[in-house]
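# Structural overview for review
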Amino acid sequence: MSGEVVRSTSGFHGLLEPKRAAIAFCGWADYRERNGMMFQGVGFRIDRDSFSGYTPELYYTDDDMLGNIGDYDSRRLNEMLSLIDTYSSGISSVSLHQECTDGFIKFRGGVKNVSSLWSFRFTLDASRVRESVSFSGHDVPSSKSGGYIFVLPKCGEFFCELGEIVDGERVPLLIDDYCMK
């Protein structure tokens, strides 16, 4: 893995893009949910060259995935898992994973002591690169997007972390916050 942790842009998404980062915000991604209605979530570009020579295990988590997950949350996370698998490009083996943290983690600018944290884990897969991904109603060809896009089917206010699993531990590559209304 190469690259440094990209920190929150606190609402200035698209204005402060790093020239090259392993994982970066790339736009408002479209997806269909509930009776075919179109919704927007967040698209994250993954730079495949940052992981040259191996296939990394990557993850996504946010402050809504802390602690014990109830029945409703479990259903919602499994629905999100299916949407991530359907609308993302160049990723496979998407799974819901319970992290054992038993320590402190920074979310929403504060530090929380948590014993459980859930994440979506996935790998990069060239055979799953789609011809295009829809951003704000426009299909963007893989040749322009880079092909590896994690589509997060979610809006609202949340603080998130994306990164790589190395020796069983989370290594953050992007820490960001969103307020989508």
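First, a word on what this report is: a plain description of the structure on this page. Since the model is a prediction, treat every value here as computed from it, not as a measurement.

### Quick notes on the environment of phenylalanine 120
Turning to its location among the elements, phenylalanine 120 is positioned in strand β5 (residues 110–124). Residue phenylalanine 120 is classed as buried on the basis of its relative accessible area, which comes to 0%. Residues phenylalanine 120 and serine 93, spaced 27 residues apart in sequence, show a C-alpha to C-alpha distance of 9.8 Å. Apart from the residues within four sequence positions on either side, phenylalanine 120 is in contact with Leu58, Tyr59, Tyr60, Met65, Leu77, Met80, Leu81, Ile84, Ser95 and Leu96.

### Here's the deal with the packing of aromatic side chains
Applying the stated rule across the entire model yields 12 aromatic pairs. Taking the centre distance of 6.0 Å and the plane angle of 25° together, the rings of tyrosine 31 and phenylalanine 39 count as stacked. Among the aromatic residues, ring-to-ring pairing joins Phe25, Trp28, Phe44, Tyr60, Phe122, Phe150, Phe158 and Tyr178 into one connected group. Over the aromatic face of phenylalanine 158 sits the side chain of lysine 154, whose NZ or CZ is 4.7 Å from the ring centroid.

### Examining the side chain of aspartate 47
On the secondary structure map, aspartate 47 appears in the loop between β2 (37–46) and β3 (57–62). When near neighbours in sequence (up to four residues on either side) are disregarded, aspartate 47 contacts Arg20, Ala21 and Ala22.

### Quick notes on the pattern of salt bridges
A full pass over the atoms with the stated rule returns 6 salt bridges. For glutamate 161, the salt bridge is made with arginine 170, and the minimal N-O distance between the two is 3.1 Å. Among the charged side chains, a network of salt bridges with common partners joins Asp62, Asp64 and Lys154.

Cut-offs and rules
Residues numbered from 1 in each chain as written. Predicted model: local features only at pLDDT ≥ 70, side-chain atom pairs only at ≥ 80, totals over all residues. Heavy atoms only, no water. Helix = DSSP H or I, 4+ residues; strand = E, 2+ residues; numbered from the N terminus. Buried < 20%, exposed > 50% of the residue type's maximum accessible area, 1.4 Å probe, protein only. Contact = heavy atoms within 4.5 Å. Phe/Tyr/Trp six-rings, centres within 6.5 Å; stacked < 30°, edge-to-face > 60°. Lys NZ or Arg CZ within 6 Å of the ring centre and 35° of its normal. Salt bridge = Lys/Arg side-chain N within 4 Å of Asp/Glu carboxyl O.

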